[in-house]
Every structure is written in C-alpha cells, then in structure tokens.
Amino acid sequence: PEVAGLARITELLLAMPQSLVGEADRALFAKIRSRIPELPTRKLDDGRIAYAPAARFEQNRNVEHPELYSVFPFRLCSFEKPNVALGRNAYDVHKPRHYCGWAQEELFACYLGMGEEAKKHFVHRVKTNSARGFRWPAYWGPNFDWRPDQCHGGNVQNIIQSMLLQFEGRKIFLAPAWTKDWNCSFKLHAPYQTTLEGRIENGQVKDLVVTPASRRADVVLCL
C-alpha cells in the first residue's frame, strides 16, 4: 500500500499545473517518484502473473489485501488500463474474503470492471449483517469492530456509485461495472463541477444530460 500510495500521490502532484506547483516542489516530487519501486508481482501456480502483497512475503497475518490497494483506492490498476490482468489475477486468488464491514471486495471488483462479481456480493452485503435490536433499519454489525457499523453502510453507498461512475483525470466512465439486467435513474457528481443525470434501461443509457455540456465529450459509456 505504501508503494502504491506514494506512486499515485506523486503522479497526481506532478500532473498539477505549474501555476499551483513551484519548480522546487516539482523537482522534489520527481525525485521521490524516481525512488519508488515498481509494484511487486508474483507468479501464480497456473503460470499467471499477479500483483503481490510485497516483494517478499511468507503468510497472511490479517484479513487485509495490500496487493489490491493498487486497484482501490489508488486506481493504478483499473479496467481500462493495460495492467488490468495483474489486478484481476490477484483478485482471483486473494483470501480470505469478507463481504461486510470495511472489507472492500466489491470495490476491487468494480474498479477491475467485474460487474457481475460486484453485483453478486453487493446484494449479499445489503441483505445480511443487519444489527438486531436497533430502531433504524440501516444499522449493521458487529462485523469486525463495533455496532452500529458505519463502514458497512458507507461501503454500500460507495459500491453502488462505483458501479455507476468512475473517473481518471478529466475522463468520466459511466456504468463501468453496471450490469445490463439492472435498471436505474441517476444523478451523479463528477470532478470539475460536473453532474450526470439520466437513466439506464435494459442495458442502455437514456436521457443523459451532462452539465456543463462541454464535459459530454469526456464521458465514456461503458455499457
């Protein structure tokens, strides 16, 4: 995660306009970036190459999946990038898996463009882990830590939005992990003070309105 985080942060800092980043700072960020190693990989039993938790490791010590943080939250590996197979291969073999609380399995699937996988476990997350004895229906837990578990509900919101909207720079991906058998109406907020409104019906985006209209050229329809 440290390697992925430093790589992503320095990448974004170096992409900022010169008016916002002075030459001294830019030189420092470039120096840091030059010292960051490549994300580690490993060869799986079936011969595939996948992202690895570290350059050298022996066993899992907890339920986190550091090899997949390059996918989310850092988006160094995502469905539209040429390295997506490394992330998908890592996803295929990562264990243990949890679909509750702060666990991010569905988000990894969203960013890797695995819509059916994300949907299946998202439905399970919504239907289960209800905290009994509370007045409010949207209370969950305990999962990993406490009750009510706000991480569980936060992930519900994050997953459904990531199925519908992702972005990279000025590019907006609409429905990158949405499945054609789900219909919806949406109003989504994207970077650069942009909103997208419309609906998805039978696998087609309809009545799409992008505000401001100049941002329509940056929208990529993924269905």
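Here the structure is a predicted model, which means the values were calculated and not measured.

Participant: What's the story with the nonpolar core in this structure? I'm lost.
Facilitator: For soluble globular proteins, the rule of thumb is that nonpolar side chains tend to be buried together. Membership of the largest hydrophobic core comes to 43 residues, with the highest contact counts inside it found for F186 and L196. A total of 5 residues in this core trace back to one element, the largest contributor, which is helix 4 (residues 105–111). Setting aside its immediate chain neighbours within four residues, L196 contacts I172, L174, F186, K187, L188, A190, L208, V209, V210 and V219.

Participant: Would you explain the sheet that holds strand 5 (residues 184–190) in this entry?
Facilitator: Taken together, the 3 strands give an open sheet; going across it, the order is 5-6-7, and neighbouring strands pair in antiparallel fashion. Two strands in the sheet have a free side with no partner beyond their single neighbour: strand 5 and strand 7 (204–211). If you compare each strand with its neighbour and ignore which way they point, the axes differ by 15° on average. The sheet contact formed by strand 6 (residues 194–201) and strand 7 spans 6 bridges and is antiparallel. Residue pairing in the sheet places R199 in a bridge with K206 of strand 7. Packing against the sheet, helix 6 (residues 150–164) makes contact with strand 5 and strand 6, and its axis sits at approximately 90° to strand 5.

Participant: Mind showing me how you'd approach the side chain of H152 here?
Facilitator: Counting through the fold element by element, H152 comes out in helix 6. Within polar-contact distance, the side chain of H152 engages the backbone nitrogen of G101 at 3.0 Å.

Participant: Would you explain the side chain of H121 in this entry?
Facilitator: Relative to the helices and strands, H121 is located in helix 5 (residues 115–127). What makes H121 buried here is its relative accessible area of 11%. Within polar-contact distance, the side chain of H121 engages the side chain of E117 at 3.1 Å. Not counting the four nearest positions on each side in its chain, H121 is found in contact with Y91, Y99 and E106.

Participant: In this structure, what is going on with unusual backbone geometry? I would like to understand it.
Facilitator: Trans peptide bonds make up most of the peptide bonds, and negative phi angles are found at most residues other than glycine. Here the residue pair R147 and P148 is connected by a cis peptide bond, since its omega of 0° sits within 30 degrees of zero. Along the chain, the position of P148 falls in the loop between helix 5 and helix 6. Following T211, the chain continues into P212 via a peptide bond in cis, with omega recorded as 0°. Following the sequence through the fold, P212 ends up in the loop between strand 7 and strand 8 (219–221). With a phi angle near 50°, Q193 is a residue other than glycine that sits in the positive phi range. Position of Q193 relative to the elements: it lies in the loop between strand 5 and strand 6.

Participant: Is there a simple way to think about the pattern of salt bridges in this case?
Facilitator: Pairing of side chains with opposite charge becomes possible as their charged atoms draw close. Per the stated rule, a full pass over the model turns up 17 salt bridges. The closest approach of N and O atoms between R8 and E168, which form a salt bridge, is 3.1 Å. Of this pair, R8 sits in helix 1 (residues 2–14) while E168 is found in strand 3 (residues 165–168), placing the two residues 160 residues apart along the sequence. Among the salt bridges present, the one from E117 reaches K120, with a minimum N-O distance of 3.9 Å.

Basis of the calculations
Residues numbered from 1 in each chain as written. Predicted model: local features only at pLDDT ≥ 70, side-chain atom pairs only at ≥ 80, totals over all residues. Heavy atoms only, no water. Core = buried A, V, L, I, M, F, W, Y, C linked by side-chain atoms within 4.5 Å. Buried < 20%, exposed > 50% of the residue type's maximum accessible area, 1.4 Å probe, protein only. Helix = DSSP H or I, 4+ residues; strand = E, 2+ residues; numbered from the N terminus. Contact = heavy atoms within 4.5 Å. Pairing = 2+ DSSP bridges. Axes fitted to C-alpha atoms, helices over the stretch in contact; angles between N-to-C directions. Polar contact = N/O pair within 3.5 Å; in protein donor to acceptor, adjacent residues only side chain to side chain. Salt bridge = Lys/Arg side-chain N within 4 Å of Asp/Glu carboxyl O.

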